[in-house]
Amino acid sequence: MKRLPLAILFFLVPSWIFAQDDLMNLLDQNDPKEINFTTATFKSTRILNGHSIEKMAPGQLDFRISHRFGRINSGAYNFYGLDQSNVHFSLEYGILKWLMVGIGRGTYEKTFDGSAKFTVLRQSTGARIMPISLSIFSSVALKTLKPNDPTITNYFSSRLSYVGQALIARKINQSFSIQISPTYVHRNLVATELDPNDLLSIGAGGRMKLSKRVSLNAEYYYLANPKTYLSQKVYNPLSVGFDIETGGHVFQLFFTNSLAMIEKGFIGETTGTWTKADIHFGFNISRVFNLKKHKKPEIL
Amino acid sequence: MKRLAFISILSFLFFAGNAQKYMTKNGFIGFFSHTSMEDIKAENNQVAGVLDISTGEMVFQTLIKSFHFDRALMEEHFNENYMESDKFPKASFKGKITNLSSVNFSKNGTYEVTVDGDLTIHDATNKISTKGSIEVVTGGINANSKFNIVPEDYKISIPGVVRDKIDKSLGVIVTMKYTPLEKK
């Protein structure tokens with residue numbers, strides 16, 4: 001009978017000590033198996049020049065102002081390119097969870113553009129494991145620059161060009177993301193017979209977070225078409241710069257050898273090269289507005 | 001033989017404790033910040049909680065990513081820059097009703113209670129003590145509370161440029177609708 005108190009202790013002590021842990025375990029057991037989607041693979045809808053897999057969420061409007069200045073090697077007289085400015089404005093809006101549409105206007109060849117980006121796969125862990133994110137980007141650009149050869153008939157269709165892109169990205173860890181972007185560009189009218197209407201390119205880009213709000217980004221597009229016989233010498237665009245995030249804004253400051261801010265331009269018509277310091281300073285500013293109605297919660 | 005009977009009674013008592021437990025998987029926690037520059041609020045309807053009415057112990061647990069904001073960008077910043085949700089995915093609370101005797105769980109009604117416990121957010125734990133109410137209703141128990149927390153107490157760093165946009169002390173609202181936990 002002497003051992004009885006010991007037995008009581010044996011039963012009660014654990015229940016006192018572990019009571020709360022038991023409650024916690026209860027919660028853990030009941031943890032729903034959820035799909036944990038990877039977020040913020042990139043800070044912005046652009047890596048630098050080209051699109052990233054990111055989109056605006058439904059009801060969010062992204063107003064973007066992008067600039068590319070002149071070439072740095074144009075000398076002090078042109079204030080190293082800053083005297084000359086190319087601009088591209090765009091409005092991009094998330095309609096559905098998987099769909100964003102946008103319109104834009106750029107100085108480069110006085111071009112209007114319309115685009116759509118679709119989410120196909122989202123990187124996730126947990127209940128469903130998906131190693132990559134995949135978005136499809138497609139756009140149409142309308143060049144409105146007056147034709148320089150007045151002797152030929154200019155159809156409306158000859159002003160158009162098209163882009164199709166598969167954007168495949170993986171956020172490898174908290175600070176490092178990469179993306180591969182196979183790209184197809186079709187130009188209805190090209191300058192000479194030497195220039196192909198169809199361009200094939202593969203882009204590669206990545207970002208490395210330097211701090212919670214700053215990341216180092218780089219992006220390169222390899223043009224697969226032979227460049228030997230083109231009417232003008234073109235180079236593959238390479239861009240290197242920073243994303244700086246401040247609340248509702250994302251600033252992207254970078255250097256690039258391309259002047260255009262649409263795929264058709266920077267993939268097929270980049271005439272500058274890093275080796276000769278034909279480098280442009282550029283920036284993108286993104287300001288996000290929330291157009292979704294605020295629903296008043298019952299309690300707050 | 002006597003001893004065995006005793007032990008089995010004891011263990012029965014021990015396990016019978018389960019019947020005293022109430023649970024919810026979709027409790028509500030919301031927080032808000034009000035400054036002259038910006039109003040911020042987030043809501044989470046996926047809070048799991050257990051209340052043991054025999055001891056007054058209560059625990060909550062939720063995924064940080066279950067907090068939703070009106071603005072998608074704000075939600076992204078909340079998870080990426082402030083809460084570091086991939087590193088510290090959960091927030092939890094372990095506490096106890098200190099004046100359990102003032103609640104009559106067998107009679108419907110609202111009872112004022114004080115809860116003391118440890119709140120863990122962003123891997124930092126602080127003791128909190130708050131007033132709340134326990135509402136005994138037919139078929140369940142509701143618990144409500146409202147308190148304030150200071151982000152810096154939980155090692156959540158807020159940069160100078162946005163400090164003025166976020167309240168020094170955030171209001172938190174907890175609303176739980178518990179139902180008896182069925183034995184498995």
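Keep in mind it's a predicted model, so treat the numbers as computed, not measured.

Visitor: Go over the overall build of chain A, please, and point to the residues and values.
Guide: When you go through chain A residue by residue, the secondary structure sums to two helices and 14 strands. Counting across all 300 residues of chain A, residues that qualify as buried make up 34%. Considering only intrachain contacts with a sequence separation of at least 6, the fraction spanning at least 24 residues in chain A is 58%.

Visitor: Quick one: what's the story with the sheet that holds strand E12 (residues 238-246) of chain A, residue by residue and with numbers?
Guide: Residue and element names in this part refer to chain A. Here we have 12 strands rolled up into a closed barrel, ordered E2-E3-E4-E5-E7-E8-E9-E10-E11-E12-E13-E14, and antiparallel in their pairing. Across the sheet, the mean angle separating the axes of adjacent strands is 20° when strand polarity is ignored. Pairing of strand E2 (residues 60-71) with strand E3 (residues 85-96), which is carried by nine bridges, proceeds in the antiparallel orientation. Looking at the pairing, arginine 68 lines up with asparagine 86 of E3.

Visitor: Please set out the nonpolar core residue by residue, giving values where relevant.
Guide: B:Val50, B:Leu51, B:Met58, B:Val59, B:Phe78 and B:Tyr178 are the most contacted members of the largest nonpolar core, which has 37 residues in total. Residue assignment for this core shows that the elements contributing at least two residues are helix H1 (4-29) of chain A together with strand E1 (21-34), strand E2 (39-52), strand E3 (57-63), helix H2 (72-82), strand E5 (90-97), strand E6 (109-121) and strand E9 (170-180) of chain B. The next biggest cluster of nonpolar side chains, apart from the first, holds 14 residues, and it includes A:Ala141, A:Met261, A:Ile262 and A:Ile267.

Visitor: Summarise unusual backbone geometry; cite the residues concerned and give the values.
Guide: All names here are of chain A. The phi dihedral of alanine 40 falls on the positive side, at around 50°, and the residue is not glycine. Along the chain, alanine 40 falls in the loop between strand E1 (35-37) and E2. Judged by local crowding, alanine 40 falls into the partly exposed class, with 19 C-beta atoms found within 10 Å. The phi dihedral of glutamate 109 is positive, around 55°, even though this residue is not glycine.

Visitor: How would you explain the confidence of the model for chain B if you had to name every residue and give the values?
Guide: Looking at chain B, pLDDT values average 88 and 89% of them are 70 or higher. Both scores are available for the predicted complex, with the pTM at 0.83 and the ipTM at 0.76.

Visitor: I'd love a proper account of the environment of A:Val140, names of residues and values included.
Guide: Residue and element names in this part refer to chain A. Within the secondary structure layout, valine 140 lies in strand E7 (residues 133-143). Using a count of 15 C-beta atoms within 10 Å as the deciding quantity, one classes valine 140 as partly exposed. Placed 37 residues apart in sequence, valine 140 and isoleucine 103 show a C-alpha to C-alpha distance of 9.7 Å. Once residues lying within four places of it in the same chain are set aside, the contact partners of valine 140 are Asp113, Gly114, Leu160 and Tyr162.

Cut-offs used in this document
- Each chain carries its own residue numbering, running from 1 in the written order of its sequence.
- Chain letters start at A and ligand numbers start at 1, both assigned in the order the entries are written.
- Where totals are concerned, whole chains, interfaces and linings use all residues; where local detail is concerned, this predicted model gives features only for residues with pLDDT of at least 70, and gives and counts side-chain atom pairs only at 80 or more.
- The secondary structure listing takes helices from DSSP runs of H or I that are at least 4 residues long and strands from runs of E that are at least 2 residues long, numbered from the N terminus.
- Comment: burial labels come from other C-beta atoms within 10 Å of the residue's own C-beta, placed from the backbone, where a count of 20 or more is buried, 12 or fewer is exposed, and between is partly exposed.
- Throughout, a residue-residue contact means that the two C-beta atoms, derived from backbone geometry, are no farther apart than 7 Å.
- Here, strands pair whenever DSSP counts at least two bridges between them.
- Fitting a line to C-alpha atoms yields each axis, with helices limited to the stretch in contact; the angle taken between N-to-C directions then spans 0 to 180 degrees.
- By convention the nonpolar core is taken to be a set of buried residues drawn from Ala, Val, Leu, Ile, Met, Phe, Trp, Tyr and Cys and joined through C-beta atoms within 7 Å.
- The pLDDT value tells you how sure the predictor is about a given residue, anywhere from 0 up to 100.

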